[in-house]
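# Summary of structural features
Next come the chains, spelled out residue by residue.
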2 protein chains.
Amino acid sequence: MADVKSGANPLFLREEELRQAMELLFFSYRDFTAEPDQILSHYGFGRAHHRVIYFVGRHPAMTVSELLDILRITKQSLSRVLSQLVREDFIQQRPGTEDRRQRLLELTEKGKKLESELIENQRRRIARAYRAAGADAVAGFRTVLYNLMDEDGRKRFDHIETLQPATVRR
Amino acid sequence: MADVKSGANPLFLREEELRQAMELLFFSYRDFTAEPDQILSHYGFGRAHHRVIYFVGRHPAMTVSELLDILRITKQSLSRVLSQLVREDFIQQRPGTEDRRQRLLELTEKGKKLESELIENQRRRIARAYRAAGADAVAGFRTVLYNLMDEDGRKRFDHIETLQPATVRR
DNA sequence: TTTTTACGTCAGCCATATTGACATATATAA
DNA sequence: TTATATATGTCAATATGGCTGACGTAAAAA
């Protein structure tokens, strides 16, 4: 109770701190994905569909390659999920204007509706956690997750100034 | 640069903050599990084996029911993975002393070696992130993840005073 | 003694990932 | 122009890790 930071000195990462971090990640991720998984199962979809819907919603006119790069799966794996989403009219494809080999991906209205349903669910959870934890904690949460990523993945967030090392440590 | 907390006011969870949280979780978890997955594949194991090894290592003499409760999978699913680990001498079982129906689970020496290998890998990543983020950020990271969990999962951490709401918010 | 609990197992199904091989259309470089 | 590289798709086979349902055994508890 005395010292909020007692277990957090990174220079002395003791067994308990280490395990605590691993378990917090495991359990929070488990719970974070459980409800969307539930929703998706009503549509006969799984977590893979969620990821595709999410990133296409995030980056309209995304190409297949970009999506593969984000998801880090093979095109064969993506193909099954993506073509299912296209077939059932959640996502639509159109040829690229500059490069007509590309299939630019967009959510249809139906896709946007599902996207909202999934996002709203997670929004509630995140809002609750952020509110309970407070603004300073949220900043710390974002900074640690950012640094947990590979160099490569961190680039994706480089436009966000509050995540940059220089601005984060006072 | 000006305001570290600019994007973190939980009362106004804007689209960008929401998406940022979702993506930080997705990418950091993806990268956090990628290397262990690599190691495990050398043994012909997957992430499911990792989870079993981890929690048995964490709680020696754990029963099968406790493990099922943590992992939230069916006993049939666990059975395949667990019996493989027992067969290949990573985990050993012994009857409970009080209740002889139970099979108490323990890591063998071989199991402990694999556990260390996996933990050491993640320790480096966590240590790096903690060091880069700083102690305050670490406290925030832990607090947010804690609150992201279901009520139920949070109980697992209730013995850790630095995660309790009263002590976390000044 | 009966019922419940802890655990295991068999059989079959499904989702999601993999690798390898091959095809097509289009862009780009020689 | 021709050759090569790229973006995408698809077929086939395989593996992992979930699931449900059914059934069985040993031991605890009522």
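Parameters at a glance
- Along each chain, residue indices are assigned from 1 in the same order as the chain's sequence is written.
- Written order decides the labels, with chains lettered from A and ligands numbered from 1.
- Local features in a predicted model are, by the rule used here, given only for residues with pLDDT of at least 70; side-chain atom pairs are given and counted only at 80 or more, and totals for whole chains, interfaces and linings are based on all residues.
- Side-chain descriptors were evaluated using all non-hydrogen atoms of the structure, hydrogens and water having been removed beforehand.
- To pair, rings of Phe, Tyr and Trp, with the six-membered ring standing in for Trp, must have centres within 6.5 Å; the planes then decide the type, stacked if under 30 degrees apart, edge-to-face if over 60, and tilted in the middle.
- Think of it in three bands: with a 1.4 Å probe and only protein chains considered, a residue is buried below 20% of the maximum accessible area for its type, exposed above 50%, and partly exposed in between.
- One heavy atom suffices: a residue is near a molecule or strand as soon as one of its heavy atoms comes within 4 Å of it.
- Throughout this description, a polar contact denotes any pair of N or O atoms lying within 3.5 Å of each other; where both atoms belong to protein, one of them has to be capable of donating a hydrogen while the other can accept it, and for residues adjacent in sequence the pair is counted only when both atoms sit in side chains.
- Under the DSSP-based scheme used, a helix requires at least four consecutive residues in state H or I and a strand at least two consecutive residues in state E, with every element numbered from the N terminus.
- Lys, Arg, Asp and Glu make up the charged group, whereas Ala, Val, Leu, Ile, Met, Phe, Trp, Tyr, Cys and Pro make up the nonpolar group; the residues left over, Gly among them, are polar.

### Regarding the packing of aromatic side chains
- According to the stated counting rule, one finds 19 aromatic pairs over all chains in the structure shown.
- When the centroid spacing of 4.9 Å and the interplanar angle of 90° are considered together, the rings of Y54 of chain A and F55 of chain A count as edge-to-face.
- Looking at F55 of chain A, the relative accessible area reads 3%, which means it is buried.
- Joined through ring pairs, the aromatic side chains of F26 and F27 of chain A together with Y54, F55 and F157 of chain B make up one cluster.

### Observations concerning the protein's contact with DNA strand C
- Surrounding DNA strand C, one finds 25 residues, the nearest of these being R51 and S77 of chain A together with S65, K75 and R101 of chain B.
- For DNA strand C, the backbone portion of the atoms within 4 Å of the protein, that is sugar and phosphate, comes to 54%.
- R47 of chain A places a polar main-chain atom, nitrogen or oxygen, 3.1 Å from a phosphate oxygen of DNA strand C.
- Within the contact set of DNA strand C, a phosphate oxygen lies 2.8 Å away from a side-chain nitrogen or oxygen of S77 of chain A.
- At the level of elements, α2 (47-58) and α4 (75-87) of chain A together with α3 (64-71) and α4 (75-87) of chain B are the ones that each hand at least two residues to the surface near DNA strand C.
- Of the residues that constitute the surface near DNA strand C, the class distribution is three nonpolar, eleven polar and eleven charged.

### As for the protein's contact with DNA strand D
- Near DNA strand D there are 25 residues, and of these S65, K75 and R101 of chain A together with R51 and T74 of chain B occur at the shortest range.
- Sugar and phosphate atoms constitute 55% of the interface atoms of DNA strand D, taking the interface as everything within 4 Å of the protein.
- R103 of chain A has a polar backbone atom sitting 3.4 Å from a phosphate oxygen of DNA strand D.
- Residue R47 of chain B places a main-chain N or O atom 3.0 Å away from a phosphate oxygen belonging to DNA strand D.
- Looking at the surface near DNA strand D, the elements that each hand over two or more residues are α3 (64-71) and α4 of chain A together with α2 (47-58) and α4 of chain B.
- Residues of the surface near DNA strand D, tallied by class, amount to three nonpolar, eleven polar and eleven charged.

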